[in-house]
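If you want the building blocks of each chain, they are given just below.
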Amino acid sequence: MDCFPFDIKPLPYDYNELEPYIDTKTLEIHHDKHYAKYVKSLNQTIEPFKQLHNMSVKELIVRCHSLPFSIQTAVINNAGGIYNHELYFNSMTPPNKKINRPTGVLACLIERKFGSFELFIDEFESCAEKLFGSGYCFLCADKRQNLKIILTPNQNTPLSLDLIPLLTIDVWEHAYYLKYQNLRSEYIDSFTSIIDWENAENMLNEML
Ligand code: MN3
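These lines cover the structure that appears in this document, whether it is placed above or below. Computed from a prediction, not measured in an experiment: that's the story for all the values here.

Details of the sheet that holds strand β2 (residues 147-153)
The strand order across the open sheet built from three strands is β2-β1-β3, with neighbouring strands paired in antiparallel fashion. At either end of the open sheet lies a strand with only one pairing partner, and these are β2 and β3 (164-170). The mean angle between the axes of side-by-side strands here comes to 25°, regardless of whether they run parallel or antiparallel. Two elements, strand β1 (residues 135-141) and β3, share six bridges in a ladder whose sense is antiparallel. Bridge pairing links C137 to I169 in β3. Together, β1, β2 and β3 form the strand contacts of helix α4 (residues 104-114), whose direction differs from that of β2 by roughly 85°.

Notes on unusual backbone geometry
Following F4, the chain continues to P5 via a peptide bond in cis, the omega torsion being -10°. Relative to the helices and strands, P5 is located in the segment before α1 (24-46). Residues E19 and P20 are joined by a peptide bond in cis, for which omega reads 0°. The residue P20 is located in the segment before α1 in this model.

Rules behind the numbers
- Residues numbered from 1 in each chain as written.
- Predicted model: local features only at pLDDT ≥ 70, side-chain atom pairs only at ≥ 80, totals over all residues.
- Heavy atoms only, no water.
- Pairing = 2+ DSSP bridges.
- Helix = DSSP H or I, 4+ residues; strand = E, 2+ residues; numbered from the N terminus.
- Axes fitted to C-alpha atoms, helices over the stretch in contact; angles between N-to-C directions.
- Contact = heavy atoms within 4.5 Å.

Structure below.
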């Protein structure tokens, strides 16, 4: 199992492979600096607590309130920062490599909940646009396979709400500012063009 010391996981594609949707420089800084910092900080936080060395990032998040009080906030921020960034990077795929629509069970669930794939995209985009400050917009499923779009502030995750995240967009400004500046909606539109639906489907299947 993936536990302390936590590793910086490589991207599932090259830095330039999401061009022109996500530019190379942004992705380099985002992965090598921002995400890497969360890994380093979580390792520093956990290091003195031997009893936590066998816990995964996900376990640390879900069981946060049973951890030593002095590290709870650091765990929420840094384990959350790792979980959210890894899911975000895995939520995207190089353009044209895959069919860019959900298939199978996930396609059915999206149609049932939102009416159609296009209506889902509209709702997801307008939700992500509304997030105030820094945070993430997720597509999640509950244990009965009801889909939900939710926003979380900072590095909070839907795991603590007992939801299973399927995909997420990072809407902190560092995720898009170099290329899109204040045009968050254009960044969101680019993200939805390169969603890795196969990964989202795998996330759903893992819970079944
Ligand atoms: Mn980020």
